[in-house]
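Report on the structure
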Amino acid sequence: MVAEPAPRHASGSVGAPDPLAPAIAWFTRRGWEPFAFQREVWRAYLDGECGLIHAATGSGKTHAAWFGPLLEWLAEGPRPGDRPATAPPLRVLWITPLRALAADTEAALRAPLVDLGLPWTLDRRTGDSSAGTRARQRDRLPTALVTTPESLTLLLTRADAAQLFSHLRAVVVDEWHELLGSKRGVQTELALARLRRWCPDLRVWALSATLGNLDEALDTLLGTHPAPARLVRGAVPRPLRIEALIPSRIDRFPWAGHLGLTMLPQVLAAIESGRSTLVFTNTRAQSEQWYAAILEACPGWEGTIALHHASLDRATREAAEEGLRSGTLRCVVCTSSLDLGVDFSPVDTVIQVGSPKGVARLLQRAGRSGHQPGAESRVLCAPTHAFELVEVAAVRAALAGGAIEPRPAVRRPLDVLVQHLVTVALGGGFSAAAVDGVPAGELYAEVRDARAYADLAPAEWGWALDFVARGGEVLRAYPEYARVAARDGRYTVADATVARRHRLSIGTIVDEASLRVQYLRGPLLGQIEEGFIARLRPGDRFVLGGKTLEFVRVREMTAWVRRARTPGGVIPRWSGGRLPLSDLLAGAMRTILDRARAGRYESPELAAVRPILELQSRWSAIPAAGELLIEQVATREGFHLFVYPFEGRLVHAGLAALLAYRLSQRQPATFTLAVNDYGFELLSSTPPRLEEALAAGVLRPGDLAVDIPASLNAAELARRQFREIARIAGLVFTGYPGNRKTARQVQASSGLLYDVFARYDPDNPLLEQARREVLERQLERERLGRALLRLSEARLVLRSPERPTPFAFPLLVERLRETVSSERLADRVARMGLALERAADGRRR
Amino acid sequence: MSVRPHDVPIVGAQETVLAGERVLLLPERALLWPAQDTLLIADTHWGKAATFRAAAIPVPGESVHDDLTRLDGALSRSGATRLVVLGDLLHARAGRDPAMLAEVAEWRARHLDLAWWLVRGNHDRGAGDPPAVWGVRVLDEPASFGPFALAHHPTPSEGAYTLAGHLHPAVLLAGSGRQRLRLPCFWLGARLAVLPAFGAFTGAAGIAPAADDRVFAVVEDGIVEISHHGR
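Residues numbered from 1 in each chain as written. Chains lettered and ligands numbered in written order. Predicted model: local features only at pLDDT ≥ 70, side-chain atom pairs only at ≥ 80, totals over all residues. Heavy atoms only, no water.

Here we take up helix α23 (residues 649-666) of chain A. Between its first and last C-alpha atoms α23 of chain A spans 26 Å; for 18 residues at 1.5 Å apiece the expected length is 26 Å, and the two agree. Summarising burial for α23 of chain A: 15 of the 18 residues are buried, a large majority. (Helix = DSSP H or I, 4+ residues; strand = E, 2+ residues; numbered from the N terminus. Expected span 1.5 Å × (residues − 1). Buried < 20%, exposed > 50% of the residue type's maximum accessible area, 1.4 Å probe, protein only.)

The next subject is the pattern of salt bridges. Pairs can form between side chains of opposite charge once their charged atoms are near each other. All names here are of chain A. Counted by the stated rule, this structure contains 53 salt bridges over all chains. With its nearest N and O atoms 2.6 Å apart, the salt bridge here joins Lys183 to Asp415. One end of the pair, Lys183, is in helix α9 (residues 183-198); the other, Asp415, is in helix α16 (residues 414-426), with 232 residues separating them in the sequence. Assigned by exposure class, Lys183 and Asp415 land together as buried. The residue Glu647 makes a salt bridge to Arg590 at a minimum N-O spacing of 3.4 Å. Within this pair, whereas Glu647 is found in the loop between β23 (638-644) and α23, its partner Arg590 is found in helix α21 (residues 583-597), the two being separated by 57 residues in sequence. The exposure classification of Glu647 matches that of Arg590, with both residues buried. Residues participating in the shared-partner salt-bridge network are Glu72, Glu76, Arg91, Arg169 and Arg203. (Salt bridge = Lys/Arg side-chain N within 4 Å of Asp/Glu carboxyl O.)

Let's shift gears to the sheet that holds strand β7 (residues 137-139) of chain B. As a general point, the strands of a sheet are linked pairwise by backbone hydrogen bonds and lie either parallel or antiparallel. All names here are of chain B. The sheet built from 7 strands is open, its strands ordered β1-β2-β3-β4-β5-β6-β7 with mixed pairing. Edge positions in the sheet fall to β1 (14-18) and β7, since each of these pairs with one other strand and no more. Within this sheet the neighbouring strands show an average axis-to-axis angle of 25 degrees, counted without direction. Strand direction decides the pairing type here: strand β2 (residues 21-26) and strand β3 (residues 30-33), joined by 3 bridges, are antiparallel. Bridged to Leu26 within β3 is Ala30. Across the face of the sheet, helix α2 (residues 64-78) comes into contact with β2, β3, β4 (38-41) and β5 (82-85) while running at roughly 150 degrees to β4. (Pairing = 2+ DSSP bridges. Axes fitted to C-alpha atoms, helices over the stretch in contact; angles between N-to-C directions. Contact = heavy atoms within 4.5 Å.)

Here we take up the confidence of the model for chain B. All names here are of chain B. Looking at chain B as a whole, the pLDDT averages 88, with 91% of positions reaching at least 70. Contacts for the low-pLDDT stretch residues 175-179, under 50 throughout, to residues beyond four places or in other chains number 15 contacts. The complex prediction reports pTM at 0.80, with the ipTM value standing at 0.72. (pLDDT = per-residue confidence, 0-100.)

Here we take up the side chain of Asp339 of chain A. All names here are of chain A. Along the chain, Asp339 falls in the loop between β11 (331-334) and β12 (349-353). Among the residues examined, Asp339 registers a relative accessible area of 9% and is labelled buried. A polar contact of 2.8 Å, which involves the side chain of Asp339, links it to the side chain of Arg365. Residues in contact with Asp339, not counting those within four places in the same chain, are Phe280, Arg361, Gln364, Arg365 and Arg368. (Polar contact = N/O pair within 3.5 Å; in protein donor to acceptor, adjacent residues only side chain to side chain.)

In this section: the sheet that holds strand β5 (residues 170-173) of chain A. Residue and element names in this part refer to chain A. A sheet is described by the order of its strands in space; here 7 strands give the open sequence β3-β4-β2-β5-β6-β1-β7, paired in parallel fashion. Every interior strand has two partners, whereas the edge strands, β3 (122-125) and β7 (229-233), have only one. Sheet twist, expressed as the average angle between the axes of neighbouring strands with direction ignored, equals 15 degrees. Here β5 pairs with strand β6 (residues 203-208) via 4 bridges, running parallel. Note that in β6 the partner of Val172 across the bridge is Trp205. Sitting on the sheet, helix α5 (residues 131-139) touches β3 and β4 (144-147), and the angle it makes with β3 is about 115 degrees.

On to unusual backbone geometry. That bond from Glu141 of chain B to Pro142 of chain B is cis: its omega, -10 degrees, falls within 30 degrees of zero. The phi torsion at Ala440 of chain A lies on the positive side, around 45 degrees, for a residue other than glycine. When its relative accessible area of 0% is taken as the criterion, Ala440 of chain A is described as buried.

Right, here's the structure in full:
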């Protein structure tokens, strides 16, 4: 069915048709009525405004953003000289954070195009696009293109980039909250700045989940460019009901551990009573474990349950998504890999295994279930240990208070800037001419249009430019080096190898170094982090996608495997995935414990966990809102100091290191640290003189800027953080895909590179960035500072229980351990058990 | 060049016996065979940083200067008159940076009495033999030398004890309370020994020693034997 395109003549005259009419007619034909917010967005778009639409998933944000450009086309009508046979050039870019979403998005955008009979072409371009699609798009881009930040950046490396985008009217950034707060968000900002320079009237709209910092989200989208813009709130979300599955016997319920399957029977019952269920887990390892456990308990469900996580092969993931859409799957066990995207209408039950760690995250997950009109959303939380019951109650309390976490944007990452400079040099080059004394001043101005670089100093700009052109100050003596070169007043990339390597590494902002996993004679199974594969020996078994595999060998960036004859094996522990408890939730948890201390167990969850909290109270104490609980326990292992600030694991990691450092400044000692979301532990072989140290102010904020780096073995942490920076800035190259050509002679571990830079170029700003990122991301420096202020005002409650308390127990089993030492390395080696660890790897060099 | 009497102990070195011969493991990441006044090192990978730069990857510095300083220390402390490099002397052809080559030639001019051998490693095959002016005698593996077979790849030889490199061995140490350290090491087995990588810009890989193997870690300016149970 093709509708007659509406009004052709200029609006404004009396009786002129409503420019929104075609959209309203389209909605009406579907038996819908546009929401007020959708009309608002359409009008704003037609008036030339930019903006951000925030609402829950599946509430019509897509149509709100998409009809603006369509209505504009219809209102303008065909111009003289238009050839109807040829589709118009690229007018709308639709940026999606996940390539897995591109297909769904394209389908959603296509329906109105077809119905309205627009002569537009619509296509998508992601890392998954076929060679055929790429070839087709080489000559001509479609009228509307669905793409990812990486693929957009790749388009910017084309020499004819300015031409390609010259007719662009609108950019829509989908799931902007997902990009914001990451370097991919910064990559998007830089691309937008570029596009705005070519198309000054460009309208940029973002779709976002509700965030605690929507104004910042909008500002970051718009850049420093002045433009009329608005925040639009989408349809009011349905009420959300959060319930915990309560263990039948709390005394049998574990106090710790995050993979616990104790609640399996209740989860099975919930799946059974629902039509279609999403089981969200927090890590890939957890999803593998739950998938296996569910299948083992209900073998008859084979074929109707599926697994979905980022390491699985695309075909496997797509099959699971399709099963959810069509309603043929009873249950999908997944990770954050299904946090985003269009909703799955048949899904009527959402189960969260373990703590969601944040309000925003739980809302997002709840939004993935279908939307029967008027129905409330419901999320069932399956705790894996006792204290997660308290977290569930805390989430509910925080949500009732209307609070939601912010996502702060990233500021001035120099690695992304370095990458962008090479991108621009490839994409037609840039003028070397100085403006107001700043070299390549034109591009400097453009880059500063991105919020992330609004405060970029000329000196930092000069460094980045010099770094890509000459390798920086220290490489001046090596004239053989050249990545970007100035020729006839323009910086360009002359070397084809450099160009190729750069294009291949653009995607690496997301990717951890990972290897493909493939059957020796058979299909691709998925991907696993290199670090895990490195620990395997031929013959070792591991589990991926519910299948037990036997590791054969690594060759050409691929881990070759065969099916194992006997089931069971190691479930890989993928890196990442362990989010800290959000600031908001941590605060809610302290409040709830404060009430529990006063005997107020006000929710089913708290009532269930009451015996454990009472035990804690009897053996030690439950801290009140203005108190900090510290427990000292002596065991065979040594002297434990347990501190419970309830501030989230990252802050605790910082606090633990800081306290260990300050204690060890007073008496030489080595501490072993353990942290979780509730507190931290310092373990030492000699008793720390705690009272004395506290009196001397070891828990006061003091000079954090000096003490934190000093305390954290900061060099080691920065060395690890450098991995990502080195990859983005093009220092580390992981090889060519498909891998005929390995680049072995120019491969080095980022750790080694960090050492080399630290030795020969200690002032390199990329090293400084690594140190800064460690403080900001891994330690949440600001939050840490606030926590210390709070703690320095808190009343200390010191207890010496006879044995580790319920609060202490999870810390004892916590795996993450680090050491801070004021002893000499050699002394430490002598004291250590000197037990040799099994080789991490035996790879050839 | 002063030859040091054999009975004077070398600070920080660890003495052991391989193939019936007394040898010393030096914290400079070198192995000394006093009976032949021979110092053995492996995997210098000189020119590696230059290789990166040639590929437009901005890696600063060239570790050859530091390596030569450390080599000077080991030579003067040991009084060795022969230097054997067990492969991978140069990293890659693209890394044959004139400044680096000249610096080594200059160093060589200060050690004219030193006999210098190289057993070709996999990288040397790609990088080409060292310049003639370095005066290096280039051998193919395995090269017989007394009871030893000099090699780059750690492959056992018939009727000889193999001294090799290639693996860049390191031990991962775990102490009580999950302390972790990664240290370059000498890995001595029944039929072959693997030396740590000498070059500063080389990296290291963890090893899996068998129950009877002995492992000596380089800890700052000393050598520490690591007891293990062949895990």
